[in-house]
Amino acid sequence: MPAVRSSTSTKRNKRLLEDISNTVEVSMAANIKKPSLKKNLMLSEDEESSEPVSKKTRTARASSFSKKKVDIKKEDLSDEEPEAKPIRRTKRAAILKMKEEPATDDEEEEEEVDEDDEDEENYYTVKEKKIVKPQTKDVKVEQDLESEEEKETPSMKLSDYELMIQKNIEERQKFLASLKIFEARDELEELAPQPVAKKATNRGITRIKEAPQPTERRRSLRQQKMTPDGADLPLPSEREIAKGLAESSEQRNPRPPPGPGPIMDYFSAPGEEEFEEFLKDVHSMKVAGGEKSVWSQDSPSVIKTLKKMKITESLVAKVVPSRTFSVQIHPTLDKTLVMIGGKYGELGLWDVHREDSSNGAHFFNPHSRPINCLTVDPWNYQNVYTTSYDGSVRRTDLTSGIVQQVYSYVEEEAYNVYTSWHAHRDENTMLVGGSLGDLVQVDVRDCNSNPVEYKVHNGKTVKLVTVHPTQSHYVATSSRDGCVSLWDLRKIKKNTPIAECPHGRNVSGLEFSPVTGNTLISTCSDNYLRFISCDMSNLKVQKKIHHNNQTGRWLTTFKARFLPGREDLIVVGSMMQPRRIEVWSNDGQLAHEFKGEDFASVASINAFHPTQAVLAGCNSSGRVHVFM
């Protein structure tokens with residue numbers, strides 16, 4: 001018996017090995033994970049080590065696979081069952097599973113068949129059938145495990161307490177929505193100021209800034225003013241360049257004849273007949289002044305007068321076709337006559353209350369370049385003096401209608417030689433500032449007389465000139481060097497002023513106070529208005545007012561001016577929105593602002609009527625706004 005048992009076990013092990021190899025081949029074809037050979041071997045060892053299996057049981061198991069030949073195809077395996085995950089089982093669980101399987105009827109009928117008499121073909125058929133059953137068993141086991149896991153998973157249903165809390169939350173939300181609480185919250189969030197990021201403090205060590213390394217830019221031979229061979233290129237002198245520019249400018253817009261000649265000779269715009277009627281009306285107006293001024297009242301009364309002044313649509317008109325550089329209101333009481341100096345030498349006249357096709361606005365061209373300074377003769381109101389960048393000073397008689405050249409800085413118009421400003425010294429003389437650092441005294445009675453020249457500002461352009469109202473031998477000037485200088489014409493020395501007040505940057509406006517002359521008001525591009533005290537020996541800044549004077553390239557620069565007959569109030573344009581004209585007091589307080597729906601541009605230059613409550617502000621497109 002021991003020998004028979006050992007041979008029987010050896011044969012069983014051999015068959016088990018063959019079954020395992022065939023199972024591996026079929027599982028690979030069906031995309032099923034390969035079974036572990038080691039595990040099958042261990043399983044057989046467990047079976048062998050367990051209780052001895054009876055011959056009847058072995059015969060039943062073998063005969064159960066020999067009933068029919070089962071053809072297993074790869075397509076059937078893939079169609080019948082999806083790819084299943086192999087389930088890991090312990091050896092003991094596998095043995096118990098096999099023991100629990102009941103024996104079929106086929107197995108009982110063939111228990112008596114001896115193992116040694118089985119046919120080889122029948123054996124291989126049994127092998128193929130044996131492969132299918134373990135696969136279906138594994139799928140069933142997996143489904144059972146999944147169902148058990150679903151049973152063990154706790155239910156996700158909410159408890160009664162949680163449902164009550166959820167119901168309370170919903171009711172509160174509906175109640176808050178009925179009160180529009182959420183809308184109010186959104187509105188408050190929109191109105192709440194946005195948090196501003198704090199700037200980094202300067203506490204701690206200071207950062208050492210390294211100077212940037214200078215880099216040399218590549219320049220072509222043309223930019224280096226050299227020929228292709230590397231030799232220096234001969235260039236024309238500055239005088240030749242200026243002459244060429246002047247000739248080209250003169251060809252485009254030549255300087256008008258010096259006169260004397262009628263105004264109609266300088267008129268080239270359409271509407272000649274209407275302009276002649278306008279001139280007849282101007283010739284017949286009364287030019288006498290001397291009426292009581294509204295500006296001679298005390299400060300509170302003057303402020304009340306300023307607040308009463310308004311602007312309407314009928315008080316706005318375009319007087320010159322281009323940019324404005326100067327403005328004055330004629331002292332006559334017969335009409336409100338505003339005079340404008342334009343970019344291309346236009347002298348605009350606007351009778352504010354006249355009704356015609358141009359609403360009383362007309363212009364003619366006594367100059368060819370910008371009229372930077374325009375004044376009414378203080379001793380003879382019928383004469384209007386204009387100084388232009390074309391290098392000439394001209395007088396227009398409104399009564400006779402004659403235009404005449406009073407002074408010419410150069411015989412021929414030059415590009416970089418020009419006159420910039422003038423100021424009346426007395427009834428017969430005026431002072432003119434030139435681009436070559438000259439302060440020229442001109443006799444207006446004789447245009448052929450030799451002018452007196454004073455060298456000032458070391459040859460730099462004299463941009464502004466203002467004369468003391470009571471002591472006309474004291475004169476204040478400003479130049480491109482950013483310095484305001486005080487001169488005494490009785491003992492003037494070459495380039496040596498009595499006193500100086502440096503500003504650091506360009507000074508665009510300068511004027512003595514009209515009554516005593518004890519104060520100068522200056523407008524500087526460093527964004528300050530300065531009240532400068534003047535005691536004829538020293539200039540000292542009395543008050544500085546921060547004011548945005550950065551008008552840029554396309555706007556005329558600001559020029560602060562005293563109100564007529566006032567020592568304490570000045571008027572100046574503003575860059576602020578909405579657009580306005582500002583009146584400041586000498587204590588640094590903003591006294592009044594002129595605003596209106598019909599005033600929507602920057603009024604760079606402004607002028608008051610000498611005696612009436614009328615203000616004219618001009619923008620840089622030739623439009624004039626009148627408050628009255």
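Model, not experiment: these values are computed from the prediction.

**What to know about the overall build of the protein**
Thought 1: Each helix and strand in the protein was counted, giving 12 helices and 29 strands.
Thought 2: Long-range pairs, those at least 24 residues apart, make up 56% of the contacts in the protein with a sequence separation of at least 6.
Thought 3: On the protein, roughly 38,100 Å² of surface is accessible, and the fraction owed to carbon and sulfur atoms is 50%.

**Regarding the confidence of the model for the protein**
Thought 1: Considering every residue of the protein, the mean pLDDT works out to 78; 69% of them sit at 70 or more.
Thought 2: Within the model, pLDDT remains below 50 along residues 31-60, and this stretch shows 39 contacts once partners closer than five positions in the same chain are excluded.

**As for the sheet that holds strand β8 (residues 383-388)**
The strands making up a sheet are joined through hydrogen bonds of the backbone, oriented either antiparallel or parallel.
Thought 1: Strand order across the open sheet formed by 5 strands is β1-β10-β9-β8-β7, with antiparallel pairing between neighbours. The outermost strands of the open sheet, each flanked by one partner alone, are β1 (261-262) and β7 (371-376).
Thought 2: Summarising the sheet, strand β9 (residues 392-397) and strand β10 (residues 402-408) pair through 6 bridges and their orientation is antiparallel. Counterpart to S392 in the pairing with β10 is S408.

**Points about the environment of D265**
Thought 1: Locating D265 in the fold gives a position in the loop between β1 and α11 (272-283).
Thought 2: The exposure class assigned to D265 is exposed, which follows from its relative accessible area of 59%.
Thought 3: Linking D265 and I402, residues 137 residues apart in sequence, is a C-alpha distance of 9.6 Å.

**Side note on the nonpolar core**
Thought 1: L306, V338, W350, L563, F594, F608 and V624 are the most contacted members of the largest nonpolar core, which totals 35 residues.
Thought 2: Among the secondary structure elements, those contributing two or more residues to this core are α12 (299-308), β3 (324-329), β4 (337-342), β24 (569-573), β25 (581-585), β27 (605-608), β28 (615-618) and β29 (623-627).
Thought 3: Apart from residues no more than four positions distant in its own chain, F594 is found in contact with L306, M309, R579, R580, I581, V583, F599, F608, L615 and F627.
Thought 4: Counting 28 residues, the second-largest nonpolar core is a separate cluster that includes V456, L464, V467 and C501.

**Concerning the pattern of salt bridges**
Thought 1: Scanning the model with the defined rule gives 14 salt bridges in all.
Thought 2: The shortest N-O distance in the salt bridge between D281 and K335 comes to 2.9 Å. With D281 in helix α11 and K335 in the loop between β3 and β4, the pair connects residues that are 54 residues apart, well separated along the chain.
Thought 3: A relative accessible area of 27% means that D281 is categorised as partly exposed.
Thought 4: Classification of K335 by relative accessible area gives buried; the value is 12%.
Thought 5: A salt bridge links D281 to R354; the shortest N-O distance between them is 3.1 Å. One end of the pair, D281, is in helix α11; the other, R354, is in the loop between β5 (347-351) and β6 (361-364), and 73 residues separate them in sequence.
Thought 6: Connected through shared salt-bridge partners, D281, K335, D351, R354 and D356 make up one network.

**A word on the pairing of strand β15 (residues 462-467)**
Thought 1: Where burial is concerned, most of β15 is hidden: 5 out of the 6 residues are buried.
Thought 2: If you look at the hairpin formed by β15 and strand β16 (residues 474-479), you'll find 6 residues sitting between the two strands.

**Notes on a negative patch on the surface**
Thought 1: Negative charge collects at one region of the surface, where E183, E187, E189 and E190 lie side by side.
Thought 2: With respect to the helices, strands and loops of the structure, E187 is situated in helix α9 (residues 181-191).

**Notes on the pairing of β3**
Across a regular strand the side chains alternate sides, sitting on one face of the sheet and then on the other.
Thought 1: Here β3 lies mainly inside the structure; 6 of its 6 residues are buried.
Thought 2: Sheet topology places β3 next to β4; 5 bridges connect them, and they run antiparallel. Note that in β4 the partner of V327 across the bridge is I340.

**Brief notes about the packing of aromatic side chains**
Thought 1: Counted under the stated rule, the structure contains 10 aromatic pairs.
Thought 2: Ring centres 5.1 Å apart and planes at 75° place the aromatic pair W295 and F608 in the edge-to-face group. You can see W295 sitting in the loop between α11 and α12 and its partner F608 sitting in strand β27, a full 313 residues away along the chain. Side by side, W295 and F608 carry an identical accessibility label, which is buried.
Thought 3: Ring centres 5.2 Å apart and planes at 70° place the aromatic pair Y389 and Y418 in the edge-to-face group. Of this pair, Y389 sits in the loop between β8 and β9 while Y418 sits in the loop between β10 and β11 (419-424), and the two are 29 residues apart along the sequence.
Thought 4: Among the residues examined, Y418 registers a relative accessible area of 14% and is labelled buried.
Thought 5: By way of ring pairs, the aromatic residues W295, F594, F599, F608 and F627 are connected into one cluster.
Thought 6: Seen from the ring of Y528, K544 lies directly overhead, with NZ or CZ sitting 4.2 Å from the centre.

**Examining a nonpolar patch on the surface**
Thought 1: Residues Y161, M164, I165 and I169 make up a contiguous nonpolar surface patch of roughly 400 Å² in combined accessible area.
Thought 2: With respect to the helices, strands and loops of the structure, I169 is situated in helix α8 (residues 160-178).
Thought 3: I169 gets classed as partly exposed once you look at its relative accessible area, which sits at 43%.

**Details of the sheet that holds β4**
Thought 1: Spatially, the 4 strands line up as an open sheet ordered β3-β4-β5-β6, and their pairing is antiparallel. The open sheet terminates on both sides in strands that have one partner only, identified here as β3 and β6. Averaged over all pairs of adjacent strands, the angle between their axes in this sheet comes to 20°, without regard to strand direction.
Thought 2: Sitting on the sheet, α11 is in contact with β4, β5 and β6, with an inclination near 95° to β6.

**A short note on α12**
Three or four residues apart is the spacing at which side chains of an α-helix point the same way, because the helix has 3.6 residues per turn.
Thought 1: Within α12, the full set of buried residues consists of V302, I303, T305 and L306. The buried residues of α12 occupy an angular sector of 160° when projected down its axis, which confines them to one face. Relative to its buried face, α12 has exposed residues pointing more than 90 degrees away, namely P300, K304 and K308.
Thought 2: Each element contacted by the buried residues of α12 is listed here: β24, β25, β26 (590-594) and β27.

Rules used in this analysis
- Residues numbered from 1 in each chain as written.
- Predicted model: local features only at pLDDT ≥ 70, side-chain atom pairs only at ≥ 80, totals over all residues.
- Heavy atoms only, no water.
- Helix = DSSP H or I, 4+ residues; strand = E, 2+ residues; numbered from the N terminus.
- Contact = heavy atoms within 4.5 Å.
- Areas by Shrake-Rupley, 256 points an atom, 1.4 Å probe, with all protein chains shown as cover.
- pLDDT = per-residue confidence, 0-100.
- Pairing = 2+ DSSP bridges.
- Buried < 20%, exposed > 50% of the residue type's maximum accessible area, 1.4 Å probe, protein only.
- Core = buried A, V, L, I, M, F, W, Y, C linked by side-chain atoms within 4.5 Å.
- Salt bridge = Lys/Arg side-chain N within 4 Å of Asp/Glu carboxyl O.
- Patch = residues over 30% accessible without salt bridge, like charges linked within 9 Å, V, L, I, M, F, W, Y side chains within 5 Å.
- Lys, Arg positive; Asp, Glu negative; His and termini not counted.
- Charge placed at Lys NZ, Arg CZ, Asp CG, Glu CD.
- Phe/Tyr/Trp six-rings, centres within 6.5 Å; stacked < 30°, edge-to-face > 60°.
- Lys NZ or Arg CZ within 6 Å of the ring centre and 35° of its normal.
- Axes fitted to C-alpha atoms, helices over the stretch in contact; angles between N-to-C directions.
- Arc of directions from axis to C-beta.

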